[in-house]
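Chain and residue survey
So the chains spell out like this:
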Amino acid sequence: QVQLVDSGGGLVQAGGSLRLSCEASGSIFSINVMGWYRQAPGKQRELVARITNDGTTNYADSVKGRFTISRDNAKNTMDLQMNSLKPEDTAVYYCNAQIVNVRTQRVQANYWGQGTQVTVSS
């Protein structure tokens, strides 16, 4: 079992910044990939950024150059630094952790934080 707690959301004006944080606990040794997803009203949940155990990062095109994902393995935390925020970034942001079978490279488990609201005003 893996437990995730995400935090750091809030209300900010366009052009401002926020830093989201995710704390992982439980069987964290089994986690291969961590990332941030977001879901706006009426839209599907989308991947914002992800980071693998080897440090490889991926970003959605819409946030590339503005958001930065990072991790601290010693503290079992993952952060998302969000700069130059836009109203279209408004969504509930969810921390995600995946367990990937190293042999088959298939996802065997997904874990989610409770979500933190990010609202960007114009």
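Here the structure is a predicted model, which means the values were calculated and not measured.

Let's shift gears to the layout of surface pockets. The space that makes up the largest pocket amounts to roughly 220 Å³. Put simply, the parts of the chain that give the lining of the largest pocket at least two residues each are β4 (33–39), β5 (46–52) and β7 (67–72). For the lining of the largest pocket, the per-class residue count stands at six nonpolar, six polar and two charged.

Negative phi values dominate among residues other than glycine, just as trans dominates among peptide bonds. Despite not being glycine, Ser-84 has its phi angle at roughly 50 degrees, a positive value. Mapped onto the fold, Ser-84 is located in the loop between β8 (77–82) and β9 (91–100). Take Ser-84: its relative accessible area is 40%, and that puts it in the partly exposed class. If you check the backbone angles, Gln-105 has positive phi at about 60 degrees while not being a glycine. Within the secondary structure, Gln-105 is located in the loop between β9 and β10 (107–112). Relative accessible area serves as the criterion here: at 67%, Gln-105 is assigned to the exposed category.

In this section: the pairing of β7. As judged from the six bridges shared by β7 and β8, these two strands associate in the antiparallel manner. Each bridged residue has a counterpart across the sheet, and for Ser-70 the counterpart in β8 is Asp-79. Hairpin remark: β7 followed by β8, antiparallel, with four residues in the connecting loop; positive phi at Asn-76, about 55 degrees.

Parameters and conventions
Per chain, residue numbering runs from 1 following the sequence as it is written. Local features are withheld for residues below a pLDDT of 70 in this predicted model, meaning they are given only at 70 or higher, and side-chain atom pairs are given and counted only at 80 or more; totals for whole chains, interfaces and linings count all residues. Excluded from the side-chain calculation are hydrogens and water; included are all heavy atoms of the structure. Site definitions follow a grid-based scheme: protein atoms alone, a 1 Å grid, a 1.4 Å probe that fits but cannot get out for cavities, and for pockets an open set with protein on both sides within 12 Å along at least five of seven lines, plus lining residues having an atom within 4 Å of a point. Grid points are joined across faces, edges and corners, and a volume is the space filled by probe spheres set on the points. Strands are runs of DSSP state E lasting at least two residues, helices are runs of H or I lasting at least four, and both sets are numbered from the N terminus onward. In this classification, Asp, Glu, Lys and Arg are treated as charged, Ala, Val, Leu, Ile, Met, Phe, Trp, Tyr, Cys and Pro as nonpolar, and every other residue, Gly included, as polar. For the exposure calls, accessible area comes from a 1.4 Å probe over protein chains only, and a residue counts as buried if that area is under 20% of its type's maximum, exposed if over 50%, partly exposed in between. Note: two strands are recorded as paired if DSSP finds a minimum of 2 bridges between them.

Keep in mind that these numbers describe shape and distance, not what the molecule does.
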